[in-house]
Amino acid sequence: MDELAATMTGFARTLRAAGVNADHERTQNLLKALDHLDVSDSGEVYWAGRLTLCATPDDLPRYDRCFAAYFGGQKAGVTRTSTTSVTRHLAERGDGESGDDGTAAAATASRVEVLRHRDVARLSEAERAEVHRMLAMLRSGRARRRSRRFESAHRGGLDQRRTIRDALRKGEVARLRHRRHTTRPRTVVLFVDVSGSMAPYAETLLRFAHALVRSEPRATRVYTVGTRLTPITAELRHRDPGTALNEVSKAIPDWSGGTRLGEELREYLARFSARGAIAVIASDGWERGDPELLGTQMARLARQAHRVIWVNPHKGYDDYQPLTGGMRAALPYLDDLVAGHSLAAYERLSERLAHA
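Residue positions are counted from 1 within each chain, in the order its sequence is given. With the structure being a predicted model, the display of local features is reserved for residues of pLDDT at least 70 and the display and counting of side-chain atom pairs for 80 or more, all residues being used for whole-chain, interface and lining totals. Excluded from the side-chain calculation are hydrogens and water; included are all heavy atoms of the structure.

### Details of the pairing of strand β11 (residues 336-339)
- Using a 1.4 Å probe on the protein chains alone, a residue whose accessible area is under 20% of its type maximum counts as buried, one over 50% counts as exposed, and one in between counts as partly exposed. To qualify as a helix, a DSSP run of H or I must reach at least 4 residues; to qualify as a strand, a run of E must reach at least 2; elements of each kind are numbered from the N terminus. Side chains of β11 alternate between two faces, with D336 and V338 and L337 and A339 buried alike.
- With four bridges connecting them, strand β10 (residues 307-312) and β11 associate as parallel partners. Counterpart to I309 in the pairing with β11 is D336.
- With its strands directed away from the observer, a crossover is right-handed exactly when the path from the first strand over the helix to the second travels clockwise. Handedness of the crossover is the feature at issue here: the chain leaves β10, passes through helix α12 (residues 325-330), returns alongside β11, and the resulting connection is right-handed. Following DSSP output, two strands are said to pair if at least two bridges run between them.

Encoded structure:
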């Protein structure tokens, strides 16, 4: 076992002693996540552990205390390969914060928790960059649906072909063969509004879309909507979020324009299908086109999709009312209207997609 695995396995044992159910499976998931992350970044390691090792809200304060105590006062040398050595001091940060008693790590965790709930439109550039790094670590599960394909099973429906084939080979029916439907991730079709009114949230939404594509590349389709419909799934398949966003920016011809969502949904439904998919529309509902057309297309989309979710950044505020023409036209056809203004809101959306 290399030093990284030994260090994180010891951390998991510490968590179990504190009452967190950081079992073997969760620990293995953490190690798999760290294979794709920069273990020299304390924020990435913190969130990788939090997302994989914690099972309930009660685990979170215990996790923070154990994280600060375990990594706060020591340097853990971890080696991934024979050519790459990373020295890890999780209590130190790039902005110069440090502490020998774990207080810096605890303060970092507390600061990150505050950032999770803040409106991304009101963050500084540095704070927004930190939220984007945390979004890059988000690994969204996906609800599964039954496919048309079958697989062998000990129980289930009778597999007549295999049963007859065995009988012909052996001269008698020695054993009944069974089969069952396989499952596959439910497709998510995400429409991201890149109009002027959504400019403060567009980049963060696109980074969330990148996390979805990275989690389920074959079951995620992403389009931007503004004055035209633009597919960007291929651009978002780049592993590095920065590279992916650069490619996306080159592909989108209508940044910060208006929104004609009704026309774009009509174009999408004429060319593609959302049958059985989870349709997610991220927009504030400021429709410059005909709201009646939007309502008609939303009705068509709702008939095809398994579920229709509208993500509105303003929904995160207690006094929000869906009064814009676009929102009023779409509201009767929505299964969910959710917030989309903060990291915590995107985490909740990710959970919703995992259980839709």
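### Concerning the pattern of salt bridges
- Each salt bridge in this description consists of a side-chain nitrogen of Lys or Arg and a carboxyl oxygen of Asp or Glu lying within 4 Å of one another. Applying the stated criterion to the full structure yields 10 salt bridges.
- Here E125 and R128 are joined by a salt bridge, their closest N and O atoms 3.2 Å apart. Of this pair, E125 and R128 both sit in helix α6 (residues 125-136), three residues apart, roughly one helical turn.
- Among the residues examined, E125 registers a relative accessible area of 63% and is labelled exposed.

### Quick look at the pairing of strand β6 (residues 188-193)
- Among the six residues that make up β6, six are buried, leaving the element largely enclosed by the rest of the structure.
- Burial of the side chains of β6 extends over both faces: V188, L190 and V192 are buried on one face and V189, F191 and D193 on the other.
- Across six bridges, the pairing between β6 and strand β7 (residues 220-225) is parallel. By the bridge assignment, V188 is partnered in β7 with T220.
- Bridge count for β6 against strand β9 (residues 278-282) is five bridges, and the pairing is parallel. Looking at β9, one finds that V192 is bridged to A282.

### Things to note about helix α1 (residues 3-17)
- The terminal C-alpha atoms of α1 lie 21 Å apart, and with 15 residues this matches the ideal 21 Å at 1.5 Å per residue to within 8%.
- Among the residues making up α1, those that are buried are L4, A5, T7, M8, T9, G10, F11, A12 and L15.
- Note on α1: the residue one or two positions beyond its end, G19, has a positive phi of about 100 degrees. Working rule for helices: expected span equals 1.5 Å times residues minus one.

### Examining the packing of helix α10 (residues 261-271) against helix α11 (residues 291-304)
- Where α10 contacts α11, the axes come no closer than 8 Å and their chain directions differ by 35 degrees. α11 is crossed by α10, and the crossing has left-handed handedness. Together, L261, G262, E263, L265, R266 and L269 of α10 and L293, L294, Q297, M298, R300, L301 and Q304 of α11 make up the contact between the two elements. Throughout, an axis means a line fitted to C-alpha atoms (over the contacting stretch in the case of helices), and angles, computed between N-to-C directions, take values from 0 to 180 degrees. Two helices that cross are described as forming a left-handed crossing if the nearer one is turned anticlockwise from the farther one by less than a right angle, and a right-handed crossing if clockwise. A contact between two residues is defined here by any heavy atoms of the two lying within 4.5 Å.

### A word on the sheet that holds β6
- The sheet built from six strands is open, its strands ordered β8-β7-β6-β9-β10-β11 with mixed pairing. In this open sheet, the two edge strands, each paired with only one partner strand, are β8 (229-231) and β11. Averaged over all adjacent pairs, the angle separating strand axes in this sheet is 20 degrees, with direction ignored.
- Taken together, the five bridges between β9 and β10 define a ladder with parallel strand orientation. Within β10, the residue paired with I281 across the bridge is W310.
- Its contacts with the sheet put α11 on β9 and β10, and the angle it makes with β10 is roughly 130 degrees.

### Let's talk about unusual backbone geometry
- Unlike most non-glycine residues, S256 shows phi in positive territory, near 55 degrees.
- The topology assignment puts S256 in the loop between α9 (241-251) and α10.

### Thoughts on the environment of R175
- Assignment of secondary structure puts R175 in the loop between α7 (160-170) and β5 (178-185).
- For the pair R175 and I164, spaced 11 residues apart in the sequence, the C-alpha separation amounts to 9.8 Å.
- Those residues in contact with R175 that lie beyond four places of it in its chain are H154 and T163.

### Notes on the nonpolar core
- Working definition of a nonpolar core: buried Ala, Val, Leu, Ile, Met, Phe, Trp, Tyr and Cys residues. They are joined through side-chain atoms within 4.5 Å. In terms of nonpolar packing, the biggest core is built from 62 residues, with M8, F11 and L34 touching the most fellow members.
- Per-element tally for this core: the top contributor is helix α8 (residues 199-215), with nine residues.
- Counting residues in hydrophobic clusters, the runner-up holds 24 residues, among them A279, I281, W310 and M327.

### Considerations on the packing of aromatic side chains
- Working definition: a ring pair exists when centres of Phe, Tyr or Trp rings (six-membered ring for Trp) sit within 6.5 Å. Plane angles under 30 degrees give stacked, over 60 give edge-to-face, the rest tilted. Here the structure, examined in full by the defined rule, presents 12 aromatic pairs.
- Here F11 and Y63 contribute two aromatic rings whose centre-to-centre distance is 5.6 Å and whose plane-to-plane angle is 65 degrees, an arrangement assigned as edge-to-face. Highlighted residues: F11 in helix α1 and Y63 in helix α4 (residues 59-71), separated in sequence by 52 residues. As far as the burial class goes, F11 and Y63 line up, both buried.
- Between F191 and Y223, the aromatic rings sit 5.8 Å apart at their centres with planes inclined by 25 degrees, giving stacked as the arrangement. Taken as a pair, F191 in strand β6 and Y223 in strand β7 lie far apart in primary sequence, 32 residues in all.
- The exposure class assigned to F191 is buried, which follows from its relative accessible area of 1%.
- Clustering of aromatic rings is evident, with ring pairs tying together F11, Y46, W47, Y63 and F67.

### Overview of the confidence of the model for the protein chain
- Averaged over the protein chain, the pLDDT score is 84; the fraction of residues at 70 or greater is 88%.
- Residue-level confidence of the predictor is what pLDDT reports, using numbers from 0 through 100. In the model of the protein chain, strand β2 (residues 84-88) stands out as the element of lowest mean pLDDT, 26, in contrast to β9, which has the highest, 98.

### Some remarks on helix α3 (residues 42-53)
- With 12 residues, α3 ought to run about 16 Å at 1.5 Å a step, and its terminal C-alpha atoms sit 16 Å apart, in line with that.
- Within α3 the residues assigned to the buried category are S42, G43, E44, V45, Y46, W47, A48, G49, R50, T52 and L53.

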